[in-house]
Amino acid sequence: EAVAAEWMLEFACSCLCRHFAEKSGAEFRRWRDVAQALINGFSQIPPHQKKTVYLCQLLIRIAEGKSLGIKFENDHRISPLESALSFWTLLEREEIKLEKLHEDIRLLIQIQIVAVHMENSYFKEAAEVLERLFTDSESDKPLRVKLATIIKNKDPYVPLLQSFSYSLLISKIKTYTKIFMKENETNFLIQEATKQVKSKGLGATAFQNKSVEVHKNDKSDLETKQRFVLHIILLRDVLGQMQNCCLDVDSLLFWMYINCLLGLNNMQNVGKNEVALACNRRRQRWTCKEDSELKSGVRQFGVGNWAKILVHGDFNNRTSVMLKDRWRTLCRIE
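Since the structure is predicted, the reported quantities are computational estimates derived from the model, not experimental observations.

*Asks:* Where do I start with the packing of helix H4 (residues 80–93) against helix H5 (residues 99–119) in this structure?
*Replies:* Packed helices, taken two at a time, are described by their axes: the angle between them and the distance between them. Orientation of H4 relative to H5, taken along the N-to-C sense of each, is 165°, at an axis distance of 9 Å. Taken together, the axis directions place H4 and H5 in an arrangement best described as roughly antiparallel. The way H4 lies across H5 gives a crossing that is left-handed. Here Leu-81, Glu-82, Leu-85, Trp-88, Thr-89 and Glu-92 of H4 come into contact with H5, specifically with His-102, Ile-105, Arg-106, Ile-109, Gln-110, Gln-112, Ile-113 and Val-116. Classifying every residue of the contact of H4 with H5 gives seven nonpolar, four polar and three charged.

Here it is, written out as structure tokens:
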């Protein structure tokens, strides 16, 4: 179970990095919740997982950096960006390279902590946070003096703050996440998902190779469906491997994660010219084999555990909701 949780956290972190770069808010929030649940499940952070955990926490806070009403710390004075700075400090300790990028990101976070307070006219709070951020060292003094003068003048749009903008911070963080993802391409779940997509010709590859006319507003929805297919293929096959490894796949944490992924199927606004996956599901007749799989799943897991039954069974483009509706129909027929 611990090994599976580590695989899932690494996979969730990769998804967070990707959706952060793509500015996919809904998908980022979905994986944020998954990552946070997995992190909370650790009694203590495994040493080799520290960097992954710190990066997840950093991205979660950077994404909310302009929302001063959101608090991550018990001390309500601490803004999301100030909380992010503490995790960036922890990340720096885990690495011995990228010194220039590290310095740039640290400086940008520090300046933006002050800038965000000023943009919201919290000038008193900006002065207080300046005192917390900078020590009395000579190396910090020039910047500290400049920021103190800016706060005193109450002008959040001076050239210094514009030169070290929030958009530049996001850009630097994206550069860092690209490096992180490159270094973590050996993640087990990513490798297994890639194998399945390549061997079966399904998922994202099939969608990308198919000639489909898609309106500009439909592109994000199509990409979501591509990721959904990839996740379902991955989970169905990896579950079988985990059973062979004697892992407890009935873990509450594991099934929470599965159900979260299966929830990706709750999508709307299907474009007319898309692959019509959802439409095909609605029209597709149930086969005797699928009915048998459904009955076997109910006997094994019980009525109501549709997500488990879906993952373990051999169904053709079905969802947990479809399984529930079909079971009701079978009960009425019998």
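*Asks:* Looking at this model, I keep getting lost on unusual backbone geometry. Mind explaining?
*Replies:* Among all residues save glycine, negative phi is the norm, and among peptide bonds the norm is trans. Residues other than glycine seldom take positive phi values, yet Ser-121 does so here, at roughly 65°. Looking at the element boundaries, Ser-121 is found in the loop between H5 and helix H6 (123–133). Although it is not a glycine, Lys-154 sits at a positive phi angle of roughly 55°. Counting through the fold element by element, Lys-154 comes out in the loop between helix H7 (141–153) and helix H8 (159–163).

*Asks:* Looking at this structure, I do not really get helix H1 (residues 2–22). What am I missing?
*Replies:* An α-helix turns once per 3.6 residues; consequently, residues spaced three or four apart project the same way. Counted at 1.5 Å a residue, the expected span for H1 with its 21 residues is 30 Å, and the 30 Å between its end C-alpha atoms agrees. Within two residues after H1, Lys-23 carries a phi angle of roughly 55°, on the positive side.

*Asks:* Explain empty space enclosed by the protein here, please?
*Replies:* If a probe the size of a water molecule is rolled over the atoms, the empty space left behind becomes visible. Applying the stated rule across the entire model yields two cavities of 30 Å³ or more. There is about 40 Å³ of room inside the second largest cavity. Taken together, Glu-10, Cys-13, Ser-14, Thr-52, Phe-180, Asn-184 and Asn-187 form the lining of the second largest cavity. Top element by residues in the lining of the second largest cavity is H1. It accounts for three residues. Across the lining of the second largest cavity, the residue classes tally to two nonpolar, four polar and one charged.

*Asks:* So what exactly am I meant to see when it comes to the packing of H1 against helix H3 (residues 50–63) here?
*Replies:* With their axes 10 Å apart at the nearest point, H1 and H3 run at an angle of 35° to one another. Our pair here, H1 against H3, has a crossing hand that is left-handed. Every residue of H3 that contacts H1 at Leu-9, Glu-10, Cys-13, Leu-16, Cys-17 and Phe-20 is listed here: Thr-52, Val-53, Leu-55, Cys-56, Leu-59, Ile-62 and Ala-63.

*Asks:* Which parts of the structure should I look at to understand the pattern of salt bridges?
*Replies:* Pairing is possible between side chains of opposite charge, provided their charged atoms come close. By the definition in use, this model includes 14 salt bridges. Close ionic contact of Glu-82 with Arg-132 constitutes a salt bridge, the shortest N to O distance being 2.9 Å. Within this pair, whereas Glu-82 is found in helix H4, its partner Arg-132 is found in helix H6, the two being separated by 50 residues in sequence. Ionic contacts of the salt-bridge type, sharing partners, join the residues Arg-32, Asp-33 and Glu-64 into one network.

*Asks:* Mind showing me how you'd approach the side chain of Asp-291 here?
*Replies:* Among the secondary structure elements, Asp-291 is positioned in helix H15 (residues 288–301). For Asp-291, the contacting residues outside a window of four places in its chain are Trp-286, Arg-326 and Leu-330.

*Asks:* Quick question: what am I supposed to make of the confidence of the model for the protein here?
*Replies:* Detail in the predicted coordinates should be disregarded across regions flagged by low pLDDT. Residues with a pLDDT of 70 or more make up 74% of the protein, whose mean pLDDT is 77. Least confident of the elements in the protein is helix H11 (residues 203–209), whose mean pLDDT is 43; most confident is H3, at 94. Residue range residues 242–252 is modelled with pLDDT below 50. Its contacts to residues more than four positions away, or to other chains, number 16 contacts.

The rules behind the values
Residues numbered from 1 in each chain as written. Predicted model: local features only at pLDDT ≥ 70, side-chain atom pairs only at ≥ 80, totals over all residues. Heavy atoms only, no water. Axes fitted to C-alpha atoms, helices over the stretch in contact; angles between N-to-C directions. Helix = DSSP H or I, 4+ residues; strand = E, 2+ residues; numbered from the N terminus. Parallel < 35°, antiparallel > 145°, perpendicular 65-115°, else oblique. Left-handed = near helix turned anticlockwise from the far one by under 90°. Contact = heavy atoms within 4.5 Å. Nonpolar A, V, L, I, M, F, W, Y, C, P; charged D, E, K, R; others polar. Expected span 1.5 Å × (residues − 1). 1 Å grid on protein atoms, 1.4 Å probe; cavity = no way out; pocket = protein on both sides within 12 Å on 5 of 7 lines; lining within 4 Å. Points joined across faces, edges and corners; volume = space filled by probe spheres on them. Salt bridge = Lys/Arg side-chain N within 4 Å of Asp/Glu carboxyl O. pLDDT = per-residue confidence, 0-100.

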